[in-house]
Amino acid sequence: METVLSGVRPTGKLHLGNYLGAAINFVKMQENYKCFYFIADYHALTTHTKAAMLRDSSLNVLIEYLAIGVDPEKATIYIQSHVPEIAELYLFLNMFAYKGELEKCVTFKEKARKEGQTLNAGLLTYPVLMAADILIHKAHKVPVGDDQMQHLEMTRNFAQRFNHYYETEYFPIPQAFNNGEELLRVPSLDGMGKMSKSDDGKSAIFLVDDEVAILKKIKAAKTDGGPSMPNQIKPIEIENIFFLMKMVSDESTYQFFDEAYNNCSIRYGDMKVQLAKDMNLYVKPFRERILELQSDEAYVRKVARNGAEKARESAQKTIKDVRDLIGLNSLH
Ligand code: AMP
Ligand code: TRP
């Protein structure tokens with residue numbers, strides 16, 4: 001059976017981009033694969049997260065995994081730092097990562113631009129830690145959004161170099177995965193870029209958002225003056241609203257507004273109200289389950305403990321094999 005692995009950084013609440021881009025596949029894949037889903041708290045340190053915030057956010061992501069339907073009986077759910085073997089594999093893989101390629105990584109360049117003076121080496125080697133996450137369980141498939149494509153390519157490179165150097169086929173070469181389709185990029189409501197946790201919540205729809213919040217955000221989404229000619233190409237901010245509607249509304253609703261756009265009768269106000277209604281129905285079951293689980297911390301902690309135990313067992317086996325391959329003297 002193939003192994004699946006993915007993770008989310010505990011830097012805030014899960015939004016529709018996280019869900020549609022990655023987490024929806026966590027739930028689908030747990031039926032047919034051996035799955036590991038974790039909370040990337042080591043990764044969150046690269047952007048200097050405060051301790052209390054990190055603790056809360058890690059539990060919160062765990063709650064949100066459970067709320068969307070990740071089942072601890074079917075998948076192993078754990079917090080990254082509970083499996084220190086990952087840090088050891090990260091050290092080994094650093095020997096196979098070239099400084100030049102790390103500096104060329106798009107996410108690094110973006111963060112480097114924002115961070116300025118506080119730029120740290122952890123950010124540079126972020127893709128190596130990510131490779132360690134994936135390779136520690138010898139994963140084959142990694143459900144992620146489009147923004148992680150380059151990171152996955154780097155994981156493949158490190159794994160190939162390791163295999164080549166030690167003349168082994170020990171690590172499978174993993175692939176980014178979205179149900180056999182192209183990786184997704186869910187747009188932000190502000191008409192620019194992708195939906196993300198760090199845009200102060202105005203242009204991301206969070207799974208925990210209520211009806212009022214959703215309507216407010218969607219109403220504020222950027223639109224234009226409307227089409228002036230039939231069958232005009234949609235500008236990006238309009239395309240984005242249609243994209244979201246395609247994701248959460250019925251096909252017939254989408255068709256209705258698409259036709260209205262094409263014959264220039266569209267009223268964006270009506271479209272937004274409809275989208276907000278459908279969006280609310282879409283996220284409501286998640287929101288309700290999140291609120292329920294928030295009042296059962298004992299259960300959530302138990303899931304984390306059991307998950308850590310299972311994840312460590314798998315990780316320890318890999319580390320032992322890797323130490324042997326590398327030629328480190330073991331005690332046995
Ligand atoms: P992050 O919140 O950056 O830790 O991302 C967790 C997962 O969600 C990763 O697999 C990302 O690729 C995915 N993701 C985050 N934002 C988006 C987005 N706007 N569209 C699609 N996938 C996304
Ligand atoms: N880098 C991913 C992100 O920003 C999170 C992540 C860390 C991850 N390690 C991973 C995703 C391993 C998939 C597999 O979203």
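All values reported here derive from a predicted model rather than from experimental measurement.

Describing the site of ligand 2
Neighbouring ligand 2 are 14 residues; R9, Y126, M130, D133 and Q148 lie closest to it. Within the side chain of Y126, an N or O atom sits 2.7 Å from a nitrogen atom of ligand 2. Contacts to ligand 2 include Q148, whose side-chain N or O atom sits 3.0 Å from a nitrogen atom. Relative to its free-state accessible area of 360 Å², ligand 2 is covered by the protein chains to the extent of 91%. Using a 2 Å cut-off from the grid points, one finds that ligand 2 occupies the largest pocket. Counting only elements with at least two residues in the shell around ligand 2, the list comes to β1 (3–8) and α8 (126–135).

Here's the deal with the domain arrangement of the chain
Taken domain by domain, the chain holds domain 1 (3–185 + 296–326) and domain 2 (199–291). Computed from C-alpha coordinates alone, the two centres of domain 1 and domain 2 are separated by 31 Å. Taken together, the contacts link 13 residues of domain 1 with 14 residues of domain 2. Carbon and sulfur atoms supply 78% of the area buried between domain 1 and domain 2, which totals about 1,300 Å² over both sides. Counting the surface domain 1 buries against domain 2, the share from its top three residues, K13, L16 and A67, is 40%. Along the contact surface separating domain 1 from domain 2 lie 0 salt bridges. Of all the secondary-structure elements, those providing two or more residues to the side of domain 1 that touches domain 2 are α1 (16–29) and α3 (51–68). Among the residues forming the side of domain 1 that touches domain 2, the class breakdown is 9 nonpolar, 1 polar and 3 charged.

Quick word on the nonpolar core
Of all hydrophobic cores here, the largest spans 60 residues; its most connected members are Y37, Y65 and M279. If you tally residues by element for this core, the top one is helix α13 (residues 268–294), at 9 residues. A domain-level breakdown of this core finds at least three residues from each of domain 1 (3–185 + 296–326) and domain 2 (199–291). Apart from the residues within four sequence positions on either side, Y37 is in contact with V4, S6, N25, F26, M29, Q30, Y65, V70, A75, T76, I77 and Y78. One finds V83, F108, L123 and L152 within the second-largest nonpolar core, a separate group that totals 41 residues.

Calculation notes
Residues numbered from 1 in each chain as written. Chains lettered and ligands numbered in written order. Predicted model: local features only at pLDDT ≥ 70, side-chain atom pairs only at ≥ 80, totals over all residues. Heavy atoms only, no water. Near = heavy atom within 4 Å. Polar contact = N/O pair within 3.5 Å; in protein donor to acceptor, adjacent residues only side chain to side chain. Areas by Shrake-Rupley, 256 points an atom, 1.4 Å probe, with all protein chains shown as cover. 1 Å grid on protein atoms, 1.4 Å probe; cavity = no way out; pocket = protein on both sides within 12 Å on 5 of 7 lines; lining within 4 Å. Sits in = over half its atoms within 2 Å of the grid points. Helix = DSSP H or I, 4+ residues; strand = E, 2+ residues; numbered from the N terminus. Domains from an automatic or database assignment. Contact = heavy atoms within 4.5 Å. Buried area = accessible area lost by both parts, 1.4 Å probe. Salt bridge = Lys/Arg side-chain N within 4 Å of Asp/Glu carboxyl O. Nonpolar A, V, L, I, M, F, W, Y, C, P; charged D, E, K, R; others polar. Core = buried A, V, L, I, M, F, W, Y, C linked by side-chain atoms within 4.5 Å. Buried < 20%, exposed > 50% of the residue type's maximum accessible area, 1.4 Å probe, protein only.

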